[in-house]
Number of protein chains: 2
Amino acid sequence: MADMTPEAASALLRGAGIPVTRQRVQIACAFLGAPAHLTAEQLVARMREQAPGLARATVYNTLGLFVAHGLVREIIVDGGSVIYDSNTAPHFHYYDSRSGELGDLPAEALRVSGMPQLPPHLELEAVDVIVRVRSRG
Amino acid sequence: MADMTPEAASALLRGAGIPVTRQRVQIACAFLGAPAHLTAEQLVARMREQAPGLARATVYNTLGLFVAHGLVREIIVDGGSVIYDSNTAPHFHYYDSRSGELGDLPAEALRVSGMPQLPPHLELEAVDVIVRVRSRG
DNA sequence: TTCCATGCAAAGGGTTTGCACTCTC
DNA sequence: GAGAGTGCAAACCCTTTGCATGGAA
């Protein structure tokens, strides 16, 4: 868990245009220090240890803010819960439906080409690729 | 809503190795007749009209069965709910996060190449591509 | 000081479960 | 007749909401 220093976290938030508060700094320190895949609930649990006063709703709000400002990405693999990815570099994911394990695929691993014409009122936002795998057995 | 005949639905179920029951035939008739994107709840609502006796849990169970036997596909776009796709031909999807609209992209519209090496204990199941768009405004 | 952010608890939506009854094979 | 499938309602999980307090600028 390479946590980020509070100073670095504050700078990061400011740079992203997010008003700095203590809780946001705490969450950034715990989550943005190194690439990680975490559900909101997992992050709530982690924050309970590191910052017991922090409320569940604040974690959810803050994650939403981070997504809106491009500090983290949402990965949606199974309807049940959203996974947040602190690695914002372009890359793809594989997901093992048997174990629930989620992993990274480097951007070079596969290429998506031939982006189709979109109806003129639609604007491209992102292309999510999930490689679904299953552990043999 | 090009519903399927009960006879065709029974044959389809049998062909997929799914034991035939009246409810499964009803659901197949209502959903598998033509390509459609429906959430479980939407299908529950539709079944309430066509077959009032049918329980919510039965719809969920049956959709799970259909997925396991390849009769429909799950599309996961927003964490909140799973969308079921009765079109099992290879194709991709676009999703408008603003309106919630989900649409098809033909398989030829884009190409995914360079499938990466997977760790040896993992078996490829599917590659899901979701093109996220946003209506301008 | 002014407003936005936070904490808390409870509501909400979608999905799954437990158990008795019913039907298919 | 044996077993799986079904209906019903309640439980469950993740997420969001409402409102009063507290903190940042």
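Residues numbered from 1 in each chain as written. Chains lettered and ligands numbered in written order. Predicted model: local features only at pLDDT ≥ 70, side-chain atom pairs only at ≥ 80, totals over all residues. Heavy atoms only, no water.

**Here we look at the overall build of chain A**
Then step 1. In terms of regular secondary structure, chain A is built from four helices and seven strands.
Then step 2. Helices and strands in chain A line up, N terminus first, as α-α-β-α-α-β-β-β-β-β-β.
Then step 3. In chain A, which comprises 137 residues, the proportion classed as buried is 43%.
Then step 4. Pairs at least 24 residues apart make up 48% of the contacts formed inside chain A by residues separated by at least 6 positions.
Then step 5. Carbon and sulfur atoms make up 53% of the accessible area of chain A, which amounts to about 7000 Å² in all.
Then step 6. Separation of charge centres in chain A, based on 12 positive and 14 negative side chains, amounts to 3 Å. (Helix = DSSP H or I, 4+ residues; strand = E, 2+ residues; numbered from the N terminus. Buried < 20%, exposed > 50% of the residue type's maximum accessible area, 1.4 Å probe, protein only. Contact = heavy atoms within 4.5 Å. Areas by Shrake-Rupley, 256 points an atom, 1.4 Å probe, with all protein chains shown as cover. Lys, Arg positive; Asp, Glu negative; His and termini not counted. Charge placed at Lys NZ, Arg CZ, Asp CG, Glu CD.)

**Things to note about the packing of helix α1 (residues 6–16) of chain A against helix α2 (residues 22–31) of chain A**
All names here are of chain A.
Then step 1. Between α1 and α2, the shortest axis-to-axis distance is 9 Å and the interhelical angle comes to 110°. Taken together, the axes of α1 and α2 lie roughly perpendicular to each other. Contact residues: α1 offers Pro 6, Ala 9, Ser 10 and Leu 13, while α2 offers Arg 24, Val 25, Ala 28 and Cys 29.
Then step 2. Across the contact of α1 with α2, the residue classes break down as six nonpolar, one polar and one charged. (Axes fitted to C-alpha atoms, helices over the stretch in contact; angles between N-to-C directions. Parallel < 35°, antiparallel > 145°, perpendicular 65-115°, else oblique. Nonpolar A, V, L, I, M, F, W, Y, C, P; charged D, E, K, R; others polar.)

**Focus on the protein's contact with DNA strand C**
Then step 1. Around DNA strand C, 17 residues are found, and the nearest of them are Thr 21, Gln 23 and Thr 58 of chain A together with Tyr 60 and Val 82 of chain B.
Then step 2. Backbone atoms, meaning sugar and phosphate, make up 86% of the atoms of DNA strand C lying within 4 Å of the protein.
Then step 3. Contacts to DNA strand C include Val 82 of chain B, whose backbone N or O atom sits 2.9 Å from a phosphate oxygen.
Then step 4. Looking at the surface near DNA strand C, the elements with two or more residues in it are α2 and α4 (56–68) of chain A together with α3 (40–50) and α4 (56–68) of chain B.
Then step 5. No other element matches α4 of chain B, which puts three residues into the surface near DNA strand C.
Then step 6. Among the residues forming the surface near DNA strand C, the class breakdown is eight nonpolar, six polar and three charged. (Near = heavy atom within 4 Å. Polar contact = N/O pair within 3.5 Å; in protein donor to acceptor, adjacent residues only side chain to side chain.)

**Some words on the interface of chain A and chain B**
Interfaces are often sized by the accessible area lost when the parts come together.
Then step 1. Taken together, the 36 residues of chain A in the interface contact 36 residues of chain B.
Then step 2. Of the roughly 3300 Å² buried between chain A and chain B, counting both surfaces, carbon and sulfur atoms make up 53%.
Then step 3. Contact with chain B buries area across many residues of chain A, yet Glu 123, Glu 125 and Arg 132 of chain A alone supply 19% of it, more than any other trio.
Then step 4. Across the salt bridge formed by Arg 134 of chain B and Glu 125 of chain A, the nearest N and O atoms sit 3.2 Å from each other.
Then step 5. For the pair chain A and chain B, the number of links is 14 residue pairs in polar contact (both at pLDDT 80 or more).
Then step 6. Only β4 (91–96), β6 (111–113) and β7 (122–135) of chain A provide two or more residues apiece to the side of chain A that touches chain B.
Then step 7. Considering only residue class, the side of chain A that touches chain B consists of 20 nonpolar, seven polar and nine charged.
Then step 8. Looking at chain direction, β6 of chain A and strand β6 (residues 111–113) of chain B are connected through three bridges and run antiparallel. The residue bridging Arg 111 of chain A from the neighbouring strand is Ser 113 of chain B, located in β6 of chain B. (Buried area = accessible area lost by both parts, 1.4 Å probe. Salt bridge = Lys/Arg side-chain N within 4 Å of Asp/Glu carboxyl O. Pairing = 2+ DSSP bridges.)

**Here we look at helix α1 (residues 6–16) of chain B**
All names here are of chain B.
Then step 1. Along α1, the residues classified as buried are Ala 9, Ser 10 and Leu 13. All buried residues of α1 fall inside an arc of 100° around its axis, so they share one side. Facing away from the buried surface of α1 by more than 90 degrees, the exposed residues are Glu 7 and Gly 15.
Then step 2. Elements in contact with the buried residues of α1: α2 (22–31) and α4. (Arc of directions from axis to C-beta.)

**Side note on α2 of chain A**
Residue and element names in this part refer to chain A.
Then step 1. Burial of α2 is extensive: seven of the ten residues sit out of reach of the surface.
Then step 2. All of the buried residues along α2 are Arg 24, Val 25, Ile 27, Ala 28, Cys 29, Ala 30 and Phe 31.
Then step 3. Elements that come into contact with the buried residues of α2 comprise α1, β1 (37–39), α3 (40–50), α4 and β3 (83–85).

**Considering the domain arrangement of chain A**
All names here are of chain A.
Then step 1. What the domain assignment reports for chain A is domain 1 (6–77) and domain 2 (87–133).
Then step 2. Inter-centroid distance (C-alpha atoms) of domain 1 to domain 2 is 23 Å.
Then step 3. Summing the contributions of domain 1 and of domain 2, the shared interface buries around 900 Å²; its carbon and sulfur component is 56%.
Then step 4. Three residues, His 37, Arg 73 and Val 77, lead the burial of domain 1 against domain 2; their summed loss comes to 65% of the area buried on that side. (Domains from an automatic or database assignment.)

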